[in-house]
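# Coordinates in review
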Amino acid sequence: MSFLSPELVERIHSRAADVDRENVFPRDDLADLRDAGYLTAFVPAEFGGGGLTAEELCAEQTRLAEAAPATALGINMHHIIVGLGRHLVASGVESGRQILEGAMAGEIYAFGISEPGNDRVLFGSTCAAVPDTSGGYAFSGLKVFTSLSPVWTKLLTYAQDDSEPDGPLSVFALIDRHDPGVSIKDDWDTLGMRGTQSQSTLLRGAHAPHHRILQRVAPGPSTEPVVFGIFSYFEVFLAATYLGIGNRAIAVAAEKVKTRRSVLHGDVYANDPDIRWRLAGAAVRMNSATAEVTLLARDLDEGRDRGNLWYPQLSAAKNAAAEASIYAVDQAIRATGGSSYSNSNELSRLYRDALAGLFQPSDQESLHGAWANVVLGPRT
């Protein structure tokens, strides 16, 4: 089942260039996606949602990113949090039900995990969570890359509670947009992925009552449902989104070289062996990355046990997709010539959008560190 009709995809694609040029949030895209039921597509059927599997949603995200990468990346964050809700409920953590029920009620979730200069990302916060006397917490600190900033209604965030005698705890919670301790900065003016409008969010004692506390866990990588749920769906859905960029770059280039002619050879570039090699090489990279992402999503759906390999393999899939998309856009630009250097050319935008994958976790350093531990064991 697909929630993205060809007509919807084409409408969204037709707006992407203007959204990027004007550095605005794609409100019309959001309205169309909501009307199509896409914001609840990943909510399980028993909660009233579309009931897509992770593998199916990955395919949808790839299609959406082929049309408009920034729209796909923004909506991606909402889907990740719905995925967290699914994983919490499946793991017996009842606090996750509110995420699924909220999505069905129209909530739009934002991802408030990243912090400036914090390379631990999900595994230890620099922000503060101060407990109240009723089981709730007040959150303070700066969160960055908060996608969907103009429209989100609930923020998934976390911070560190230092009040416990048995050591710090990471506290994960949902915060309401209208809490007086929440302020959103107007600071999104980036090279690419401009339509995500991922503004910074400043928390000054923003309050989450006890019922909106999802879990309190020890910092660090773990099998705790809240940590694994966030990490796993973040990596596979992000990877699927970047697959769309690479696929689209190859398609754009393929159409261009079928009509672009070589004066020297008197033939279209589609018949040039070097051009064919470039685009074929890009397609091979995309094919391998797609297989890797699809298999991981399928294993998440089926509850497969990859043990200690889950985290490094999830990181590997995200990096494979991001790097393959950058390579594909690069080869597409090389194959189509100087016209792609113009800002009016779609490949120019795809090139800028693809670069965002370099900065989103897990980065190359984290990936290689995790695999060094797999191959060599921890450092001594």
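Residues numbered from 1 in each chain as written. Predicted model: local features only at pLDDT ≥ 70, side-chain atom pairs only at ≥ 80, totals over all residues. Heavy atoms only, no water.

## Examining the overall build of the chain
Each helix and strand counted, the chain has ten helices and ten strands in total. Relative to its length of 380 residues, the chain is compact, with a C-alpha radius of gyration of 21 Å against a globular reference of 21 Å. Projected onto its principal axes, the C-alpha positions of the chain cover 80 × 50 × 40 Å. When the 380 residues of the chain are sorted by exposure, 56% land in the buried category. Roughly 16,400 Å² of accessible area belongs to the chain as shown, and the carbon and sulfur atoms make up 53% of that amount. (Helix = DSSP H or I, 4+ residues; strand = E, 2+ residues; numbered from the N terminus. Rg over C-alpha atoms; globule rule 2.2 N^0.38 Å. Buried < 20%, exposed > 50% of the residue type's maximum accessible area, 1.4 Å probe, protein only. Areas by Shrake-Rupley, 256 points an atom, 1.4 Å probe, with all protein chains shown as cover.)

## Section: the packing of helix α6 (residues 225–257) against helix α8 (residues 310–336)
Following both chains from N to C, one finds α6 and α8 inclined at 15 degrees, their axes separated by 8 Å at the closest point. It follows that α6 is roughly parallel to α8 by the angle criterion. The interaxial crossing formed by α6 with α8 has left-handed handedness. Split into classes, the residues belonging to the contact of α6 with α8 amount to 23 nonpolar, five polar and three charged. (Axes fitted to C-alpha atoms, helices over the stretch in contact; angles between N-to-C directions. Parallel < 35°, antiparallel > 145°, perpendicular 65-115°, else oblique. Left-handed = near helix turned anticlockwise from the far one by under 90°. Nonpolar A, V, L, I, M, F, W, Y, C, P; charged D, E, K, R; others polar.)

## Section: the pattern of salt bridges
Taken as a whole and assessed by the stated rule, the structure comprises 22 salt bridges. The shortest N-O distance in the salt bridge between Glu60 and Arg63 comes to 3.4 Å. With Glu60 and Arg63 both in helix α3 (residues 54–67) and three residues apart, this pair spans about one turn of that helix. Taking relative accessible area as the criterion, Glu60 reaches 4% and is therefore assigned buried. We classify Arg63 as partly exposed; its relative accessible area is 27%. Across the pair Glu255 and Lys258 runs a salt bridge, and its minimum N-O distance is 3.5 Å. Residues joined by salt bridges that share partners form a network here, namely Arg11, Arg15, Asp29 and Asp32. (Salt bridge = Lys/Arg side-chain N within 4 Å of Asp/Glu carboxyl O.)

## Some thoughts on the environment of Asp274
Structurally, Asp274 can be placed in helix α7 (residues 273–302). For Asp274, a relative accessible area of 56% translates into the label exposed. Each C-alpha atom of the pair Asp274 and Thr259 lies 16 Å from the other, and the pair is 15 residues apart in sequence.

## With respect to the nonpolar core
Within the largest apolar cluster, 116 residues are counted, with the highest numbers of intra-cluster contacts made by Leu33, Tyr38, Phe111, Phe139, Phe172 and Phe237. Ignoring sequence-local partners within four residues, the contact set of Tyr38 consists of Phe3, Leu4, Leu33, Leu57, Glu60, Gln61, Leu64, Ile75 and His79. (Core = buried A, V, L, I, M, F, W, Y, C linked by side-chain atoms within 4.5 Å. Contact = heavy atoms within 4.5 Å.)

## Some remarks on the side chain of Glu235
By the element assignment, Glu235 lies in helix α6. Among buried Asp, Glu, Lys and Arg side chains, Glu235 stands out as unpaired, with Lys318 the closest opposite charge at 6.3 Å. Of note is the side chain of Glu235, whose polar atom sits 3.3 Å from the backbone nitrogen of Ser362. The contact partners of Glu235, leaving out residues within four places of it in the chain, are Leu314, Ser315, Lys318, Pro361 and Ser362. (Lys, Arg positive; Asp, Glu negative; His and termini not counted. Polar contact = N/O pair within 3.5 Å; in protein donor to acceptor, adjacent residues only side chain to side chain.)

## Regarding the packing of α6 against α7
At a closest axis distance of 10 Å, the pairing of α6 and α7 adopts a crossing angle of 155 degrees. Relative to α7, α6 is oriented roughly antiparallel. In the packing of α6 onto α7, the handedness of the crossing is left-handed.

## With respect to unusual backbone geometry
Backbone torsion omega between Pro361 and Ser362 reads 0 degrees, so that peptide bond is classified as cis. Here Ser362 is to be found in the loop between α9 (346–355) and α10 (364–376). Although it is not a glycine, Gln197 sits at a positive phi angle of roughly 45 degrees. Structurally, Gln197 can be placed in the loop between β6 (182–184) and β7 (199–208).

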